[in-house]
Amino acid sequence: MPNNPDMPVQYEPVSFEGGNTQILSVMGCTGWRLLWLACTASTLLQYGAVRVTVSESSVDVVQGDSVTLSCSFFTMMPLYRLSIIWTLTPLSDPDSPIQVIVYDNGQVIESPSFTGRVGFVGTPWSAGIILNYTRVSDAGVYRCVVSNPPETGDPGIGELSLTVLAPPSLPVCLWEGDTEAGGNVRLSCVVAEGFPTPQVIWEKLEPDKMTLPVNMDGDTTGSVHIVNVSAQTSGLYRCSVTNPLGTQHCYINLSVYTPPDNSPGILQGVLLSLSMALLLLALMVLVLWLHRSAQESKWRNSHEEDECYNEIKYTPSLIKRSFV
């Protein structure tokens, strides 16, 4: 006999695994409606929170280019009070998250460090953003936080990691130490930016090309230590910093001073030679002076004898004339 929908329906006890017994009694169609409403309420309570999804967990971009960070959400309520907040946890400072951009009741607020470089894509139907003129400092973990009151539950959160690729910046080459033969010299190469971390290579180019072992001081400085330098150490040195996006160079022209061999003996010889030369010169001057003095004395004596002879010769005649 067919069941009458208006008649009460009695379900027999049903045994489930584990020994529990459940009896469900429903009174006609009204009971079915109540059961449907209960299931619907349970579903709403279970999925009342906003659900957020991101299409990619990690994104790469080259420095200076634009990148879109996608974030989609599902909500059961109208979007009258929709709130979207993007934050960044920088790789350089993981303990200090910063706010990137906010959408709140139709208003958009940009962080000062991102002003003019960030914007929403497709709001209010999407929570994604576009980031322009990317910088190395933009790298880190981004969080997309979406809430839509009166939706119950915690806000929906999505995370993705942004990597900003950058070629090496122009390195700076420095040297320190004693460039006199036998001293020690340190050549340093410092690069400020570059991701992935640039590799540092030191080479001697002239007169003979050779690659030198590099000691890394962190990720940004590569140095070479040269001990007991000599004339062969002199030459042109080049530091190269390279990663998949490019290579940069800087140079140092190192000159090692080598004093002449046996320099004290040579100096003494030079001084002795000068002394001998001065002594000989003094002797020559003395000899010349003595010779000239002797000549002058001889000439003076001869001149005096001539004057005396003339006086004796002419005196009688003068006397004779005086008597005439």
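Our subject is the structure listed above.
Residues numbered from 1 in each chain as written. Predicted model: local features only at pLDDT ≥ 70, side-chain atom pairs only at ≥ 80, totals over all residues. Heavy atoms only, no water.

(A) Focus on the sheet that holds strand β11 (residues 107-110). Spatially, the six strands line up as an open sheet ordered β6-β15-β14-β9-β10-β11, and their pairing is mixed. Two strands lie at the open edges of the sheet, namely β6 (58-62) and β11, each paired on one side alone. Neighbour-to-neighbour, the strand axes of the sheet open up by a mean angle of 20°, direction not taken into account. As paired strands, strand β9 (residues 83-90) and strand β14 (residues 140-147) are joined by eight bridges and run antiparallel to one another. Each bridged residue has a counterpart across the sheet, and for Ile84 the counterpart in β14 is Val146. (Pairing = 2+ DSSP bridges. Helix = DSSP H or I, 4+ residues; strand = E, 2+ residues; numbered from the N terminus. Axes fitted to C-alpha atoms, helices over the stretch in contact; angles between N-to-C directions.)

(B) Main features of the nonpolar core. Counting 28 residues, the largest nonpolar core has Leu69, Ile84, Trp86, Val100, Tyr142, Val146 and Leu162 as its most contacted members. Of all the elements in the fold, those that place two or more residues in this core are β6, β7 (67-69), β9, β10 (98-104), β12 (118-120), β13 (129-131), β14 and β15 (156-165). Within the second largest apolar cluster, 18 residues are counted, among which are Cys189, Leu212, Cys239 and Val241. (Core = buried A, V, L, I, M, F, W, Y, C linked by side-chain atoms within 4.5 Å. Buried < 20%, exposed > 50% of the residue type's maximum accessible area, 1.4 Å probe, protein only.)

(C) Spatial organisation of the pairing of strand β23 (residues 246-254). Sheet topology note: the strand β22 (residues 235-243)/β23 ladder contains nine bridges and is antiparallel. Directly across from Ser240, in β23, lies its bridge partner His249. Where β22 hands over to β23, the hairpin turn is made up of two residues, counted between the paired strands.

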